[in-house]
Amino acid sequence: GAVVSQHPSWVICKSGTSVKIECRSLDFQATTMFWYRQFPKQSLMLMATSNEGSKATYEQGVEKDKFLINHASLTLSTLTVTSAHPEDSSFYICSAPMGGAYQPQHFGDGTRLSIL
Amino acid sequence: KQEVTQIPAALSVPEGENLVLNCSFTDSAIYNLQWFRQDPGKGLTSLLLIQSSQREQTSGRLNASLDKSSGRSTLYIAASQPGDSATYLCAVRTGNQFYFGTGTSLTVIP
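Computed from a predicted model, the values in this text were never measured in an experiment.

Q: I'd like a description of the environment of Gly108 of chain A, backed by residues and values.
A: Counting through the fold element by element, Gly108 of chain A comes out in the loop between β10 (105-107) and β11 (111-115). Given a relative accessible area of 0%, Gly108 of chain A falls into the buried group. C-alpha of Gly108 of chain A to C-alpha of Ser9 of chain A: the two residues are 99 residues apart in sequence and 9.5 Å apart in space. When neighbours within four sequence positions are excluded, Gly108 of chain A is seen to be in contact with Val4, Gln6, Ile93 and Cys94 of chain A together with Gly43 and Leu44 of chain B.

So this is what it looks like as structure tokens:
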């Protein structure tokens, strides 16, 4: 069964709305989680690394004020797309490694965000 | 910065054929390499994980090899089936970062 749960799976909303996406690790603790964005027919691009109890680390070119990340507990990270615009429409996926550096990465099912 | 490339970008084969997907990476200092499958509009399903000290991993009809020194991995799919049609992604872990390849879109024709 799934070890990482991501919600919601699909969001359609108006431009200017803020949207929150949740990523939960099931039955294991994740001090680190990763957020990716995937545009149609492209690969996953790492947006940021979410760290429990500290600030997220953002990749170059990703606006931290636009994509707010909160990792408030060892099993939950949230990504909030603030004041979303049509160009933010994309497929967002989170992942969490179970264990240390040599353990596999487990992914959520993704969230399809459509901004009208 | 690590760069991961997959060749071919797309592949179409008749059912029953054996096939090989390729993944190359520029920085050989990796912890592991993972192969994933992604169906349209869906998340990722992990297929195989190869640690940096390993040469290959097998699961059912899938076999993945790793040549860290040359920066290459291959995913071998035996006796392909229409249900294997999907996009296949490889990802390498370098430090605390994961880098994804560009993906190979596979179509298996019945």
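Q: How would you explain the interface of chain B and chain A if you had to name every residue and give the values?
A: By a widespread convention, an interface's size corresponds to the accessible area lost as its parts come together. Each partner contributes to the interface: chain B provides 20 residues, whereas chain A provides 22 residues. In this assembly, chain B packs against chain A so that about 1700 Å² is buried in total across both faces, 53% of it on carbon and sulfur atoms. Linking chain B with chain A are zero salt bridges, by the criterion used here. Our enumeration of links across chain B and chain A arrives at four residue pairs in polar contact (both at pLDDT 80 or more). Of all the secondary-structure elements, those providing two or more residues to the side of chain B that touches chain A are β4 (32-38), β5 (44-51), β9 (86-94) and β10 (97-100) of chain B. The element best represented in the side of chain B that touches chain A is β4 of chain B, accounting for four residues. Grouping the constituent residues of the side of chain B that touches chain A by class yields seven nonpolar, 11 polar and two charged.

Scoring rules and cut-offs
- Along each chain, the written sequence defines residue order, and numbers are assigned to residues from 1.
- Each chain is given a letter, starting from A, and each ligand a number, starting from 1, according to the order in which they appear as written.
- Residue-level local features of this predicted model are given only where pLDDT is at least 70; pairs of side-chain atoms are given and counted only at 80 or more, and the full residue set underlies all totals for whole chains, interfaces and linings.
- No hydrogens and no water enter the side-chain calculation; it runs on all heavy atoms of the structure.
- The helix and strand labels rest on DSSP assignments: H or I over at least four residues marks a helix, E over at least two residues marks a strand, and numbering proceeds from the N terminus.
- In this scheme, a residue with accessible area under 20% of its type's maximum is buried, one over 50% is exposed, and one in between is partly exposed, where area comes from a 1.4 Å probe on protein chains only.
- Whether two residues are in contact is decided by their heavy atoms: any pair within 4.5 Å suffices.
- Summed over both partners, the accessible area lost on bringing two parts together, with a 1.4 Å probe, is the buried area.
- Counted as salt bridges are all cases of a side-chain nitrogen of Lys or Arg within 4 Å of a carboxyl oxygen of Asp or Glu.
- The definition of a polar contact used here is a pair of N or O atoms within 3.5 Å, where within protein one atom must be able to donate a hydrogen and the other to accept one, and adjacent residues in sequence count solely through side-chain atom pairs.
- Asp, Glu, Lys and Arg are counted as charged, while Ala, Val, Leu, Ile, Met, Phe, Trp, Tyr, Cys and Pro are counted as nonpolar; the rest, among them Gly, fall into the polar class.

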